[in-house]
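Listed below are the residues making up each chain.
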Amino acid sequence: MVLLTRKIEFSAAHFYHNPEFSPEENRRVFGKCNNPHGHGHNYTLEVTVAGEPDPGTGMVLDLKELKEILEREVMQRMDHRHLNYEVPELAGQIPTCENIARVIWNLLEPKIHQGKLHRVRLYESPDLYADCYRNGSRPL
Amino acid sequence: MKDATRIELGRRYRFAASHRLHSSQFSEEENSRVYGKCSNPFGHGHNYVVEVSLSGEVDPATGMIANLADLDSFVEHQIIEPFDHRYLNEEVAAFHETVPTTENLCIEIFRRLQSFPKAKLERVRIQETANNSFEYAGDNQLEPEGNRP
């Protein structure tokens, strides 16, 4: 089994606001992330695929294909977008690292046919990231 | 869909501290053979980077496993305040008898952070330098379960 990781970067705006909270609660829970004008990050996404290298090509999957999937599913949806308004998959969710990582997992997982998606790691900054894994049960 | 995935939150913290690797069980010759220049009696220091991994349910109301402000103040109180700009051997009680290798530092930091009330501590990873890092997960799996191919 070999793990292969590809990294991409995108920039996007967001803010945190729960319409069911009072303005005071929103400020208390979300702090300066509640600023309604929004703010932005340079996100770094690491996508890891697990599989056996194909004996014919030596590849777990074709990196060019993975690059195209990431371009289509992530870059076109999220790069230079406002995550609260422009990404339908995030509608009704607070666009935290945790939620964005899960949305990206759900977008990529059905598109990867060689190997299996193993981990999605999304950095909001070098010191903060969320990991999304398949919630598999322990092998016996 | 909720059960199909598992989310972990990772957060990095930094502190600078000095230490000396020296065991009272060893003779001076043994200490310098085992620990080399890390046994220099005056000590030396590192810029430590501590990576903390938490797991838990993502609260739909906040989108978060744990509020970062809560985590930051807990780590500040448990780790940064007692460790930053300190001499670990003398100023942290856990290292009066135990050699403050980064292995033991991982175990001590894991122990201190395990009581974080808002999420489950999964792992602590410490970079002692850009080239050396150590991980400890207590009774947890070092690799998340869902991560096993």
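Quick note: structure is the one above.
I will try to describe carefully the structure that is included in this document. Being a predicted model, the structure only gives us computed values, none of them experimental. (Residues numbered from 1 in each chain as written. Chains lettered and ligands numbered in written order. Predicted model: local features only at pLDDT ≥ 70, side-chain atom pairs only at ≥ 80, totals over all residues. Heavy atoms only, no water.)

1. With respect to the side chain of A:His14
All names here are of chain A. The condition that has to hold: Under the DSSP-based scheme used, a helix requires at least four consecutive residues in state H or I and a strand at least two consecutive residues in state E, with every element numbered from the N terminus. Residues adjacent in sequence count toward polar contacts only when both atoms are side-chain atoms; beyond that, a polar contact is any pair of N or O atoms within 3.5 Å, and within protein one must be able to donate a hydrogen and the other to accept it. Contact criterion: two residues are considered in contact whenever any of their non-hydrogen atoms come within 4.5 Å of each other.
For His14, the position within the fold is in strand E1 (residues 2–14). A distance of 3.3 Å separates a polar atom in the side chain of His14 from a polar atom in the side chain of His41. One polar contact links the side chain of His14 to the main-chain carbonyl oxygen of Pro95, over a distance of 2.9 Å. Each residue touching His14, except ones within four places of it in the same chain, is listed here: Gly38, His39, His41, Tyr43, His82, Leu83, Asn84, Pro95 and Glu124.

2. Notes on the pairing of E1(A)
Residues and elements named next belong to chain A. What counts, and what does not: We call two strands paired when DSSP finds no fewer than two bridges between them.
Pairing geometry for E1 and strand E2 (residues 39–51), over 13 bridges, is antiparallel. What sits directly across from Glu9, in E2, is Thr44. Bridge analysis of E1 against strand E3 (residues 81–82) gives two bridges, and the strand direction is parallel. Looking at the pairing, Ala13 lines up with His82 of E3.

3. Observations concerning the nonpolar core
Cut-off, in case you're wondering: Buried Ala, Val, Leu, Ile, Met, Phe, Trp, Tyr and Cys residues form a nonpolar core when they are joined through side-chain atoms within 4.5 Å. Relative accessibility under 20% of the residue-type maximum defines a buried residue, over 50% an exposed one, and the middle range a partly exposed one, all with a 1.4 Å probe and only protein chains included.
The biggest cluster of nonpolar side chains holds 65 residues, and the ones touching the most others in it are A:Phe10, A:Leu45, A:Met78, A:Ile104, A:Leu108, B:Phe15 and B:Ile109. Here this core gets eight residues from one element, more than from any other, and that element is helix H4 (residues 97–108) of chain A. Grouped together as the second largest cluster of nonpolar side chains are six residues, A:Tyr16, A:Val29, A:Phe30 and A:Ile94 included.

4. A short note on the pattern of salt bridges
Residues and elements named next belong to chain A. Heads up, the rule is: Put simply, a salt bridge is a Lys or Arg side-chain nitrogen that is within 4 Å of an Asp or Glu carboxyl oxygen.
One pass over the structure, following the stated rule, counts 21 salt bridges over all chains. A salt bridge links Arg77 to Glu73, with the shortest nitrogen-to-oxygen separation between them at 3.0 Å. In this pair, Arg77 and Glu73 both sit in helix H2 (residues 63–78), four residues apart, roughly one turn of the helix. Residue class for Arg77 comes out partly exposed when judged on its relative accessible area of 25%. Each member of the salt-bridge network shares a partner with another, and the members are Arg72, Glu73, Arg77, Glu89 and Lys111.

5. Brief notes about the packing of helix H2 (residues 68–83) of chain B against helix H4 (residues 102–113) of chain B
All names here are of chain B. Applicable threshold: Interaxial angles span 0 to 180 degrees and are taken between N-to-C directions of axes, which are lines fitted to C-alpha atoms, for helices over the stretch in contact. Crossing handedness follows the turn of the near helix against the far one: under a right angle anticlockwise gives a left-handed crossing, and clockwise gives a right-handed one.
In the contact formed by H2 and H4, the axes pass within 10 Å of each other and the chain directions differ by 145°. Along this stretch, H2 crosses H4, giving a crossing that reads as right-handed. Across the interface between the two elements, Phe74, Val75, Gln78, Ile79, Pro82 and Phe83 of H2 pack against Leu105, Glu108, Ile109, Arg112 and Leu113 of H4.

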